[in-house]
Every structure is written in C-alpha cells, then in structure tokens.
Amino acid sequence: MTLESIKLFYEALKNTDLSVIERLVKKCLDEQVPPIDILNKGLIQAMGIIGQEFKAGQIWVPEVLLAARNMHAGINLIKPHLLKDKVPSKGKFVIGTVKGDIHDIGKNLVSMMMTGAGYQVIDLGIDVPRESFLRAVADEKPQLLGLSALLTTTMLEMREVLISIRETFPDPPKIIVGGAPVTQKFAEEIGADGYGEDAIAAVELSNRLISQGGK
Ligand code: B12
C-alpha cells in the first residue's frame, strides 16, 4: 500500500459521508489488496495520523469520534475476509477494556484476530469493572485473559485486575495486556504473562502461552 493510499484512508476517516470509507475498502478488496494490509497499512496508519493531530490540538473529540465510526465501518467490511478460514478451538479468551476506558477499536481488533485464530472469544466490552473480570473468569474458566487500555491513567487499573484475579483463583488464566500506552516494560513491572503490541502479536503471544501449557 502506497503513501498515496494512506492519504486516501486518512481523508476517508475524516469524511462525514460513511460511504467514502466503505467504497475505498471495497475497492481495495476488489483489487485483491490483502485484507490484513488494508487494516494495518491503511486504516490503522490513518488512525495514527488522526491520533497525532488530536494530540497536537489540531482536531477535537467529535472529529476523532467520526474517525472511530468510519474505522468501525471499514473493519466490518474486512472482517469476513479475515475470518474466512475456520480453525478448531484452541481455548477460551476473555477480553475487556479496563475500568474508565471506553476506547474499543484496538480491543475489537484483538477479539477479531483471536476469533480468526481459533479462540473462543468472550468480549466483556468497555469500561469493565474488576468484579466483571472476576465473574467472567469464574464462569467461563478461560485459559487466557486480555486487558486493553488506551489511557495512561486507566492502564494502572490493569495491575489491580491482575492482583485480584491471582488472589481469587488458585489456577488463574494467563493474563496478557496491550493498548497504545502499554509497553513490554510495563507488562513486566505489573507481572503480566505477556504483552502484545498489536492484534497479530496478541495471537502469536497467546499461541505461545497455550503451547507452554495454557493455565
Ligand atoms: C479513537 C480515539 C478516541 C475515541 C474512541 C472511540 C472508540 N470507539 O474506541 C474517543 C473520541 C471516544 C476518545 C475519547 C478519549 N480519548 Co482518545 N484516542 C483515540 C485515538 C485517536 C485512536 C485510538 C485507536 O483506536 N487506535 C487504533 C487502534 C487499532 O489501536 P490501539 O487501540 O492501540 O490497539 C492496538 C494495540 O494497542 C493492541 N491492543 C489493544 N488492546 C489490546 C489488548 C491486548 C490484550 C493486546 C495483547 C493488544 C492490544 O492491538 C490493537 C490492534 O493493533 C488515540 C490516539 C492513539 N495514538 O492511540 C486517542 C487517545 C488514546 N485518546 C486520548 C484521550 C486523552 C482521550 C480522552 C480523555 C479525550 C477527552 N478529552 O475526552 C477521551 C477518554 C475517554 C475514555 N474515558 O476512555 C489520548 C490518551 C493520552 C494519554 N496519555 O492517556 C490519546 C493517546 C490521544 C492523544 N495523543 O492525546 N478517543
């Protein structure tokens, strides 16, 4: 995918007309651009530019919300292509965005790629309180638990969830963490079982943890 097309994705994410992003994604699919490239080299890169503009104060929350809406529409179109190949279940994966955090695009992508990789995904949604993670682990008995956070404030909640889970369950699931402000170093500091920088890394990490014996 060329720089020119990233610009097209960027412009489509900012457009109030939803059909612009839909037409662009369909055109890429028709031209046999691999769906994973449309996602990583188109949509995610374009959202990265929007993030930088937001940080610099050049755009405001309503424009970011618009981009998020358009991004969701684009992802929905490539989803069936990424999930085409059915694979046998590898285990259960519970995921949620931690309390106080409503960013869900990244979490949804992780859910989607994990589903595609053969995990049974239980998505608890956004702004998930600690008690809900505890209940889901008790009810579903997953092999893996994923925590997502996009704010430097909410990422601290990951440590609290992790402690509660490990204090409550003698045989806890492996806990993996991710989200823009989360790093390998932070994951190690809070004692997570792993960190994934993107949805593909989340799958690779999960496969590795499961092959090492799951929980
Ligand atoms: C879209 C967006 C929003 C949208 C969210 C819409 C939605 N439905 O998600 C809206 C407008 C609602 C929003 C609100 C806010 N936002 Co905002 N937002 C963004 C933005 C521009 C993009 C995030 C995104 O979707 N990225 C694309 C996805 C694909 O990437 P990702 O989420 O990082 O996910 C990938 C990886 O991190 C990883 N991953 C994610 N989760 C997990 C989990 C696991 C287990 C694993 C292994 C991997 C993994 O895989 C994903 C796929 O590759 C970012 C900028 C940025 N650079 O991140 C700011 C950003 C996160 N927001 C920010 C802020 C400040 C806010 C607000 C406080 C603004 C305000 N004043 O109200 C509110 C907070 C709301 C809240 N309580 O949560 C700041 C955070 C700064 C900080 N230091 O904490 C950022 C960084 C912008 C900035 N540069 O200032 N935001």
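Let us now look at the site of the ligand. Close contacts around the ligand come from 34 residues, with I102, H103, D104, S148 and T152 the closest. Between the ligand and H103 there is a distance of 2.8 Å, counted from a nitrogen atom to a side-chain nitrogen or oxygen. Contact distances for the ligand include 2.7 Å between a nitrogen atom and a side-chain N or O atom of D104. When contributions to the shell around the ligand are tallied by element, the ones reaching two or more residues are helix 3 (35-55), helix 4 (61-82), helix 5 (105-116), strand 3 (144-148), strand 4 (174-178) and helix 9 (199-211). The greatest single-element share of the shell around the ligand, amounting to 5 residues, is contributed by helix 4. When its residues are assigned to classes, the shell around the ligand shows 18 nonpolar, 11 polar and 5 charged. Of the residues that make up the shell around the ligand, three or more belong to each of domain 1 (3-82) and domain 2 (91-211).

No other protein atom reaches the cobalt atom of the ligand as a donor apart from H103 (NE2), found 2.3 Å away. Topologically, H103 is positioned in the loop between strand 1 (91-97) and helix 5.

With that out of the way, let us pick up the packing of helix 6 (residues 130-140) against helix 7 (residues 156-168). Each pair of packed helices can be described by the angle between their axes along with the distance between the axes. Between helix 6 and helix 7, the shortest axis-to-axis distance is 10 Å and the interhelical angle comes to 40°. With respect to each other, helix 6 and helix 7 are oriented oblique. Of the two possible hands of crossing, helix 6 and helix 7 adopt the one that is right-handed. Contact with helix 6, carried on its side by R130, F133, L134 and V137, involves E157, E160, V161, S164, I165 and T168 of helix 7 and no other residues of that element. Residue composition of the contact of helix 6 with helix 7, grouped by class: 5 nonpolar, 2 polar and 3 charged.

As a further point, take the side chain of S206. Among the structural elements, S206 can be located in helix 9. Excluding its chain neighbours within four sequence positions, the residues that come into contact with S206 are M114, Y119, L144 and I176.

What follows covers the nonpolar core. Ranked by size, the top nonpolar core spans 39 residues in total, and within it F9, L13, I21, L43, M47, I75 and F93 carry the most contacts. Of all the elements in the fold, those that place two or more residues in this core are helix 1 (3-14), helix 2 (18-30), helix 3, helix 4, strand 1, helix 5 and helix 9. Two domains each put at least three residues into this core: domain 1 (3-82) and domain 2 (91-211). The contact partners of L43, leaving out residues within four places of it in the chain, are F9, L13, I21, I38, M71, G74, I75 and I78.

Here we come to the sheet that holds strand 2 (residues 119-123). Strands sit in the order 2-1-3-4-5 across an open sheet of 5 strands; the sheet is parallel. Two strands bound the open sheet, and with one partner strand each, they are strand 2 and strand 5 (194-195). Where strand 1 lies against strand 2, 5 bridges are found, and the strand directions are parallel. By the bridge assignment for strand 2, G91 is matched with Y119.

According to the domain assignment, the protein contains domain 1 (3-82) and domain 2 (91-211). Centre-to-centre separation of domain 1 and domain 2, based on C-alpha positions: 25 Å. Contacts between domain 1 and domain 2 engage 11 residues on the former and 7 residues on the latter. Buried surface at the junction of domain 1 and domain 2, summed over both partners, amounts to about 710 Å²; 88% is from carbon and sulfur atoms. The three residues of domain 1 that bury the most area against domain 2 are H72, I75 and L82, which together make up 47% of that side's buried surface.

Scoring rules and cut-offs
- Residues numbered from 1 in each chain as written.
- Predicted model: local features only at pLDDT ≥ 70, side-chain atom pairs only at ≥ 80, totals over all residues.
- Heavy atoms only, no water.
- Near = heavy atom within 4 Å.
- Polar contact = N/O pair within 3.5 Å; in protein donor to acceptor, adjacent residues only side chain to side chain.
- Helix = DSSP H or I, 4+ residues; strand = E, 2+ residues; numbered from the N terminus.
- Nonpolar A, V, L, I, M, F, W, Y, C, P; charged D, E, K, R; others polar.
- Domains from an automatic or database assignment.
- Donors = N, O, S within 2.8 Å, 3.2 Å for Na, K, Ca; no water.
- Axes fitted to C-alpha atoms, helices over the stretch in contact; angles between N-to-C directions.
- Parallel < 35°, antiparallel > 145°, perpendicular 65-115°, else oblique.
- Left-handed = near helix turned anticlockwise from the far one by under 90°.
- Contact = heavy atoms within 4.5 Å.
- Core = buried A, V, L, I, M, F, W, Y, C linked by side-chain atoms within 4.5 Å.
- Buried < 20%, exposed > 50% of the residue type's maximum accessible area, 1.4 Å probe, protein only.
- Pairing = 2+ DSSP bridges.
- Buried area = accessible area lost by both parts, 1.4 Å probe.

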